[in-house]
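Spelled out, the chains give:
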Amino acid sequence: EPEVTQTPSHQVTQMGQEVILRCVPISNHLYFYWYRQILGQKVEFLVSFYNNEISEKSEIFDDQFSVERPDGSNFTLKIRSTKLEDSAMYFCASNEQGRYGYTFGSGTRLTVV
Amino acid sequence: AQSVTQPDIHITVSEGASLELRCNYSYGATPYLFWYVQSPGQGLQLLLKYFSGDTLVQGIKGFEAEFKRSQSSFNLRKPSVHWSDAAEYFCAVGSGGATNKLIFGTGTLLAVQP
C-alpha cells in the first residue's frame, strides 16, 4: 500500500535554529498538508498546499513557517527560527482529491532545546 | 465553527469485551467524519470514514461506526476488543471545500486489560 514518508523520524535542534522537515507524499496525490501534535494534546492543522501554493493555513502557521514542493516529489516544512513551543510531532499527509480520507506519514518528532 | 468532542479521555476495557468510543461533532452541513488510531510513537492510521449513504460504516480491524445526525454523533464500536487495540483513538471532521482540513478531537486513550 502506498505510504507517505517523513524524514527524519526525530530531530533535536537548538532554539533559534532553522529546521526543515521533509515528506514524500503519495505520488498521484494532489493535496498536501502539515499537522502538528504537541505532546498530550490534539492534532492541529497547520497548512494545506495545492497546485504549488498554500490553499489554507491556520493561525499557528505564522511568518516563521513556510512550505515548499521543490522538486515535484518532496514536500517540506521549514521553521525559520525555532522556539521551545515548536516542540511537537509534525505529521505530513496527502490526499488524492482533497475531499476524502488522508494518508498520514508516521511523523517527525521535533525537540527544541 | 466546526468542532469535535470526545468526552472520554481514558477508557479501560477487558480483552474480549465490547467497546464504544464516543464522538460528537459540530458542523453546519453534512459532515465528513473520520476515525483514526495512533499507536505509541506511530502515525495516524485511518480506521474508517463517513461521507454519505449508509450510516453504519465498516472499517479495518473489525471496527464500525454509526453516524447519527439527530445526535451529532459518530461513535466507534468493536464487538470484541483485542489487546493489540490498545492505542489512542481520534475522531475528526472534515471542514469540506477543496481543502477539507481535518479538525480533530482530543482523543481517547484505550487500555485493554487481560
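Our structure is the block above this text.
Residues numbered from 1 in each chain as written. Chains lettered and ligands numbered in written order. Predicted model: local features only at pLDDT ≥ 70, side-chain atom pairs only at ≥ 80, totals over all residues. Heavy atoms only, no water.

Asker: So what exactly am I meant to see when it comes to the packing of aromatic side chains here?
Answerer: Two measures describe an aromatic ring pair: the distance that separates the ring centres and the angle between the ring planes. Following the criterion strictly, the structure yields 24 aromatic pairs over all chains and no others. A connected cluster of aromatic rings, assembled from ring pairs, spans Tyr-33, Tyr-35, Phe-45, Phe-91, Tyr-102 and Phe-104 of chain A together with Tyr-32, Phe-34, Tyr-36, Phe-51, Phe-90 and Phe-104 of chain B. (Phe/Tyr/Trp six-rings, centres within 6.5 Å; stacked < 30°, edge-to-face > 60°.)

Asker: What's the story with the sheet that holds strand β7 (residues 65–68) of chain A in this structure? I'm lost.
Answerer: Sheet strands pair by backbone hydrogen bonding; their relative direction is either parallel or antiparallel. Residues and elements named next belong to chain A. Spatial ordering of the open sheet is given by β1-β3-β8-β7, a layout of 4 strands whose pairing is antiparallel. Among the strands making up the open sheet, the edge pair consists of β1 (5–7) and β7. Within the sheet, the average angular offset between the axes of one strand and its neighbour, ignoring direction, is 20°. As paired elements, β7 and strand β8 (residues 75–79) share 4 bridges and run antiparallel to each other. In the strand pairing of β8, Glu-68 is matched with Thr-76. (Pairing = 2+ DSSP bridges. Helix = DSSP H or I, 4+ residues; strand = E, 2+ residues; numbered from the N terminus. Axes fitted to C-alpha atoms, helices over the stretch in contact; angles between N-to-C directions.)

Asker: In this structure, what is going on with the interface of chain A and chain B? I would like to understand it.
Answerer: You'll often see interface size given as the accessible area lost when the parts meet. Facing 19 residues of chain A, the contacting portion of chain B comprises 20 residues. At the boundary of chain A and chain B, one finds 1 salt bridge. Close ionic contact of Lys-101 of chain B with Glu-56 of chain A constitutes a salt bridge, the shortest N to O distance being 2.9 Å. Summed over the shared surface of chain A and chain B, the result is 4 residue pairs in polar contact (both at pLDDT 80 or more). Breaking the side of chain A that touches chain B down by element, the ones donating at least two residues are β4 (31–37), β5 (43–50) and β6 (53–57) of chain A. With 4 residues, β4 of chain A is the largest single contributor of residues to the side of chain A that touches chain B. Considering only residue class, the side of chain A that touches chain B consists of 9 nonpolar, 7 polar and 3 charged. (Contact = heavy atoms within 4.5 Å. Salt bridge = Lys/Arg side-chain N within 4 Å of Asp/Glu carboxyl O. Polar contact = N/O pair within 3.5 Å; in protein donor to acceptor, adjacent residues only side chain to side chain. Nonpolar A, V, L, I, M, F, W, Y, C, P; charged D, E, K, R; others polar.)

Asker: In this structure, what is going on with the state of the cysteines? I would like to understand it.
Answerer: Covalent bonding between the sulfur atoms of two cysteines defines a disulfide. Residues and elements named next belong to chain A. Evaluation of the coordinates by the stated rule reveals 2 disulfides over all chains. Here Cys-23 is linked by a disulfide to Cys-92, with a sulfur-sulfur distance of 1.9 Å. Across the S-S bond of Cys-23 and Cys-92 the torsion is about -65°, and the bridge reads as left-handed. With a gap of 69 residues between them, Cys-23 in strand β3 (residues 19–24) and Cys-92 in strand β9 (residues 88–95) connect regions that are remote in the sequence. Both residues of the pair, Cys-23 and Cys-92, count as buried. (Disulfide = S-S within 2.5 Å. Buried < 20%, exposed > 50% of the residue type's maximum accessible area, 1.4 Å probe, protein only.)

Asker: Hey, could you run me through the side chain of Ser-94 of chain A in this one?
Answerer: Residues and elements named next belong to chain A. Take Ser-94: it is sitting in strand β9. A polar contact is formed between the side chain of Ser-94 and the backbone nitrogen of Ile-26, at a distance of 3.4 Å. Not counting chain neighbours up to four residues away, the residues in contact with Ser-94 comprise Val-4, Pro-25, Ile-26, His-29, Tyr-31, Phe-32, Tyr-33, Tyr-102 and Thr-103.

Asker: Looking at this structure, I do not really get the side chain of Ser-58 of chain A. What am I missing?
Answerer: Residues and elements named next belong to chain A. Looking at where Ser-58 falls in the secondary structure, it is placed in the loop between β6 and β7. Given the relative accessible area of 18%, Ser-58 is considered buried. With residues up to four places along the chain from it excluded, the contact list for Ser-58 reads Phe-45 and Leu-46.

Asker: Can you help me understand the environment of Ser-73 of chain B in this one?
Answerer: All names here are of chain B. Turning to its location among the elements, Ser-73 is positioned in strand β9 (residues 73–78). Put simply, Ser-73 and Gln-2 are 71 residues apart on the chain and 13 Å apart in space, counted from C-alpha to C-alpha. Once you skip the residues sitting within four places of it in the chain, Ser-73 turns out to touch Cys-23, Asn-24, Tyr-25, Glu-66, Phe-67 and Lys-68.

Read these as layout, nothing more, since geometry by itself doesn't imply function.
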